[in-house]
Amino acid sequence: MTLPRRILPLVALLPIWIVGRPPFAQPASSLLTSAYGRSVVLVETARAQPGGVFGVAVSRNRWASANTLLDGRRASLAREATGLFGLVPVALDTQPAEHKLSIFFPGGRGRGGSTSLTVPVSALVRPGRLRTLSPEALASASSQTALGHGRFLLGAIRTRDLTANHSGPLRPPVDQPLAFPFGGTEDYGMVMGPVKDGLMGEQHRGVDYDVPPGTTVKAPGAGIIILARSLVFSGETVVIGHGGGLVSVLSHLNHVTVAEGDVVAQGAAVGVSGQTGLGALTPHLCFSTYLHSLNVDPAALMDASLWPGVR
Ligand SMILES: [Zn+2]
């Protein structure tokens, strides 16, 4: 059979119509694709490092949500305009190697099911730094008060807040380039206990901005103020729950201008930068992020290319 010449261009466009518009605005080299029934599973691996994230999209389906499992840790996908989408955190202690990512779709009687992909985690190479605290500061950092504050902050970070207040990439809390990245080794001259792990520790748990004292600090995303108070190590601290298991921590502020329970929009002022807390050796803002209780690189969560479509 010969197709009429006028139909030929339409036939050539058929694959584009079937697949739809590309879910990620990213070069194909970092994108893994896998079919699951009628659905297409896409995994964006550009930020797949220890402390990074995978962007996972599932197009052509009607599920309202799905769960993922990576190295025994759960994350979730939610319904977005282009299909299911979610970020899967990679724990900071993950070995650079291939890992198994499983996706579980809800529903019985042939509607649900699961699929797995082999995903690569590459090595994280970041500069380290030495942090010299005075003997008095070191004693304070190991005090019962500091341990209690550390536990309190970890509790706020692990808040199981599944209501999505925010969607899309986070935005920088100040209008400045990063001064020190996430993940570099940090040596405080003391062994950090497991209680404090995730707040400070052997690796930098956030990104630092060298802003002058008095700079307005903005909410990286919409959310609820989970914690707004003074803590021994992180000083005047604001914790924002963005929903969907995503939490931001802003440390070493001069003072906070929000209260616990406040609802904030993305970009709303939450405080003013300063140099409070034992961990602030210079005036700066430290911005940390947690996804499903795992400490991840804020730079990954601010990377718009991980989100489906162009925002
Ligand atoms: Zn920092």
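Note that the coordinates shown come from a computational prediction; the quantities given were computed from them, not determined experimentally. (Residues numbered from 1 in each chain as written. Predicted model: local features only at pLDDT ≥ 70, side-chain atom pairs only at ≥ 80, totals over all residues.)

Q: How should unusual backbone geometry be read in this particular structure?
A: Only a minority of non-glycine residues have a phi that is not negative, and only a minority of peptide bonds are not trans. Of note, the phi angle at R60 is positive, near 60°, even though the residue is not glycine. Looking at where R60 falls in the secondary structure, it is placed in the loop between β3 (53–59) and β4 (65–70). Look at D71: it is not a glycine, yet its phi comes out positive at around 50°. Inspection of the secondary structure assignment puts D71 in the loop between β4 and β5 (73–80). Taking the number of C-beta atoms within 10 Å as the measure of exposure, D71 has 13 and is therefore partly exposed. (Helix = DSSP H or I, 4+ residues; strand = E, 2+ residues; numbered from the N terminus. Buried ≥ 20, exposed ≤ 12 C-beta atoms within 10 Å, placed from the backbone.)

Q: Just to check I follow, could you spell out the environment of G52 for this structure?
A: Note on placement: G52 falls in the loop between β2 (39–44) and β3. On the basis of neighbour counts, which here come to 28 C-beta atoms within 10 Å, the residue G52 falls in the buried class. For the pair formed by G52 and L294, sequence separation is 242 residues and the distance between their alpha carbons is 9.8 Å. Other than its neighbours up to four places away in sequence, G52 contacts R47, V90, V296, D297 and A300. (Contact = placed C-beta atoms within 7 Å.)

Q: Mind showing me how you'd approach the pairing of strand β14 (residues 235–243) here?
A: For a regular strand, side chains alternate in direction, first toward one face of the sheet and then toward the other. Here β14 lies mainly inside the structure; 8 of its 9 residues are buried. With 7 bridges connecting them, strand β13 (residues 223–231) and β14 associate as antiparallel partners. The residue of β14 that forms the bridge with R229 is T237. With antiparallel pairing between neighbouring strands as the criterion, β13 and β14 make up a hairpin whose turn holds 3 residues. Bridge count for β14 against strand β15 (residues 246–256) is 6 bridges, and the pairing is antiparallel. (Pairing = 2+ DSSP bridges.)

Q: Got a minute to help me understand the sheet that holds strand β8 (residues 113–120) in this structure?
A: In any sheet, the strands associate via hydrogen bonds between backbone groups, in a parallel or an antiparallel arrangement. In spatial order, the strands read β1-β2-β3-β6-β5-β4-β7-β8; together these 8 strands make up an open sheet with antiparallel pairing. Among the strands making up the open sheet, the edge pair consists of β1 (31–36) and β8. The average angle at which neighbouring strand axes cross in this sheet is 20°, direction not considered. Taken together, the 8 bridges between strand β7 (residues 98–105) and β8 define a ladder with antiparallel strand orientation. The residue of β8 that forms the bridge with F104 is S114. (Axes fitted to C-alpha atoms, helices over the stretch in contact; angles between N-to-C directions.)

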